[in-house]
Amino acid sequence: MFLASGVDLVIAQCTSGIIGTFPALNARPSAQFDEWLCQIEEALAAWDRDHPDALSAPFGVNLIVHKSNPRLDEDLALCVQHKVPLVISSMGAREDVNRAVQSYGGVTLHDVTNQDHARKALERGATGLIAVAAGAGGHAGTLSPFALIEELRAWFDGPIALAGAIATGRAIAAARTMGADFAYIGSAFLATHEAYCSDAQKAAVVNASAQDIVYTPAFSGTPANYLRSSIAAAGLDPDALPTSRRELNVGAQDGATRTWSDIWGCGQGVGPITEVEPAATMIDRLVHGYHDAISKRGDA
C-alpha cells in the first residue's frame, strides 16, 4: 500500500473492526509521520468514547528495516514513543527493532516469502509472520499459499497472517482453514474512497483482473506485482521489460535512478473489485462473505 494508505484509510478500517496499517514512509517527511500517529490515536480514542459497545481495532505501521532506509531510526523511535500496537517489518529482520517494539508490549510481524526467511525472522525476535504468497501486491513471493502455510505450520504455532490475492470473505475463510490466523489484504483497499490514490489508479484497479498483473524486478530491483495498464501508460511494453532495474534506467539524465511513481503495485486478487466504495462498505461485505462461507462449511 505504498503511497496509498494513511490516516483516513486506517481510521476507517479500525473503526470498522479490522486492523488498519500504513507504511511509515507514506508520511513525508518524518515529522508528518508523528502528526499522522497523533491523528489516528485521537480519532480512535474519540470513536471508543462514542461507541463503547463497538470499540475500534488496533492499528499498525509498516517499517522497511533495510539499511537503505535512512528514516528507520527516527520512525522506529516515534513508534516506540506512541506505543504503536503492531509493527510490520520487511526487507530484512532486525533484532533491535523487535526488542524496541516489544519493550512496551507491542507486537511485531515480519514479511516472509519462504521458510528460511521465516526462521531468521523468528530467531531475531519477531512475534509472528506475514506469509507473502504468490499473487500478493508489491513485493510478492512465488510460492502457493497452500505450500507456504502448510510448511510454516509444520514447525511454527505462533501468529501467522496470509497475504496474496485475498479480496473476498470466502478467501479469508480459506486462509484460516489453511492454518493462517489472519488474512492480510492490501490491493482491494486501493479502490476505496479513503485510499490516497488518484482516480485513475482506482479506476485501473476496478477494471483489472488477475491477468492484468505483471510480476517483474524491473522497477525496484526485487520481483513485484504491478498493474499492466500503468506500465503501458508509462510508454513501456509490459511483455518486454528488462530483467534488471539498471537496464530500465539506461538513458536517465546524469545516471539518476528513475522513480516510476506512476507504476502502480497491485496483486492478483483484483478481479472481485468492481467499484470504488467506502472502506466500511467493503469491510462489511468481507465480514458477511466470511460468515456465509463458514456457515456453508458447517463451522458456524
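This text follows the structure it describes.
Described below are features of the structure shown in this document. Here the structure is a predicted model, which means the values were calculated and not measured.

Before going further, it helps to examine the nonpolar core. Membership of the largest hydrophobic core comes to 48 residues, with the highest contact counts inside it found for Leu 162, Phe 189, Val 205 and Leu 227. If you list the elements that add at least two residues to this core, you get helix 1 (7-15), helix 5 (115-123), strand 5 (128-132), helix 6 (145-153), strand 6 (160-163), helix 7 (169-178), helix 8 (199-206) and helix 11 (279-297). In terms of nonpolar packing, the next biggest core, distinct from the first, is built from 25 residues, Phe 22, Phe 33, Leu 44 and Val 61 among them.

Glancing now at the packing of aromatic side chains. All told, the structure shown has five aromatic pairs when counted by the stated rule. Ring centres of Trp 155 and Phe 156 lie 6.1 Å apart, and the angle between their planes is 45°; on these two criteria the pair is classed as tilted. Among the residues examined, Trp 155 registers a relative accessible area of 31% and is labelled partly exposed. Here Phe 219 and Tyr 226 contribute two aromatic rings whose centre-to-centre distance is 5.1 Å and whose plane-to-plane angle is 70°, an arrangement assigned as edge-to-face. Of the two residues, Phe 219 and Tyr 226, both sit in the buried class.

This brings us to the side chain of Thr 15. Considering the arrangement of structural elements, one finds Thr 15 in helix 1. The exposure class assigned to Thr 15 is buried, which follows from its relative accessible area of 18%. A polar side-chain atom of Thr 15 sits 2.7 Å from the main-chain carbonyl oxygen of Ile 11. Leave out the neighbours within four places in its chain, and Thr 15 touches Leu 44, Trp 47 and Ser 56.

The subject of this paragraph is the pattern of salt bridges. Think of it this way: side chains of opposite charge can pair up when their charged atoms draw near. Evaluation of the coordinates by the stated rule reveals seven salt bridges. A salt bridge links Asp 239 to Arg 228; the shortest N-O distance between them is 3.2 Å. Placement of the pair is Asp 239 in the loop between helix 9 (228-233) and helix 10 (245-248) and Arg 228 in helix 9, with a sequence separation of eleven residues. On the basis of relative accessibility, which here comes to 61%, the residue Asp 239 falls in the exposed class. Of the charged contacts, one joins Arg 285 and Glu 277 as a salt bridge, the two residues approaching to 2.6 Å between their closest N and O atoms. Look at Glu 277 and you get buried, because its relative accessible area is 5%.

Asp 239 sits eleven residues away from Arg 228 along the chain, and the two C-alpha atoms are 9.1 Å apart. Reaching out from Asp 239, the side chain makes a polar contact with the side chain of Arg 228 at a distance of 3.2 Å.

Along the chain, Gln 201 falls in helix 8. Assessed through its relative accessible area of 11%, Gln 201 is described here as buried. Ignoring any residue separated from it by four or fewer positions in sequence, one finds Gln 201 in contact with Leu 190 and Trp 264.

What follows is about the sheet that holds strand 7 (residues 182-184). If you trace the seven strands from one edge of the open sheet to the other, you get 1-2-3-4-5-6-7, paired in parallel fashion. What marks the edges here is a single partner per strand, and that holds for strand 1 (20-23) and strand 7. Pairwise comparison of adjacent strand axes, ignoring direction, gives a mean angle of 25° for this sheet. Bridge count between strand 2 (residues 59-64) and strand 3 (residues 86-90): five bridges; the pairing is parallel. Bridging across to strand 3, Val 61 finds its partner in Val 87. In the packing of helix 2 (residues 30-50) onto the sheet, contacts are made with strand 1 and strand 2, and the angle to strand 2 comes to roughly 160°.

Here we take up helix 11. Between its terminal C-alpha atoms helix 11 stretches 27 Å, which fits the 27 Å expected from 19 residues at 1.5 Å a residue. All of the buried residues in helix 11 are Ala 279, Met 282, Ile 283, Leu 286, Tyr 290, Ala 293 and Ile 294. Viewed along the axis of helix 11, the buried residues span an arc of 100°, placing them on a single side of the element. Facing away from the buried side of helix 11, by more than 90 degrees, are the exposed residues His 288 and Lys 296.

The rules we used
Residues numbered from 1 in each chain as written. Predicted model: local features only at pLDDT ≥ 70, side-chain atom pairs only at ≥ 80, totals over all residues. Heavy atoms only, no water. Core = buried A, V, L, I, M, F, W, Y, C linked by side-chain atoms within 4.5 Å. Buried < 20%, exposed > 50% of the residue type's maximum accessible area, 1.4 Å probe, protein only. Helix = DSSP H or I, 4+ residues; strand = E, 2+ residues; numbered from the N terminus. Phe/Tyr/Trp six-rings, centres within 6.5 Å; stacked < 30°, edge-to-face > 60°. Polar contact = N/O pair within 3.5 Å; in protein donor to acceptor, adjacent residues only side chain to side chain. Contact = heavy atoms within 4.5 Å. Salt bridge = Lys/Arg side-chain N within 4 Å of Asp/Glu carboxyl O. Pairing = 2+ DSSP bridges. Axes fitted to C-alpha atoms, helices over the stretch in contact; angles between N-to-C directions. Expected span 1.5 Å × (residues − 1). Arc of directions from axis to C-beta.

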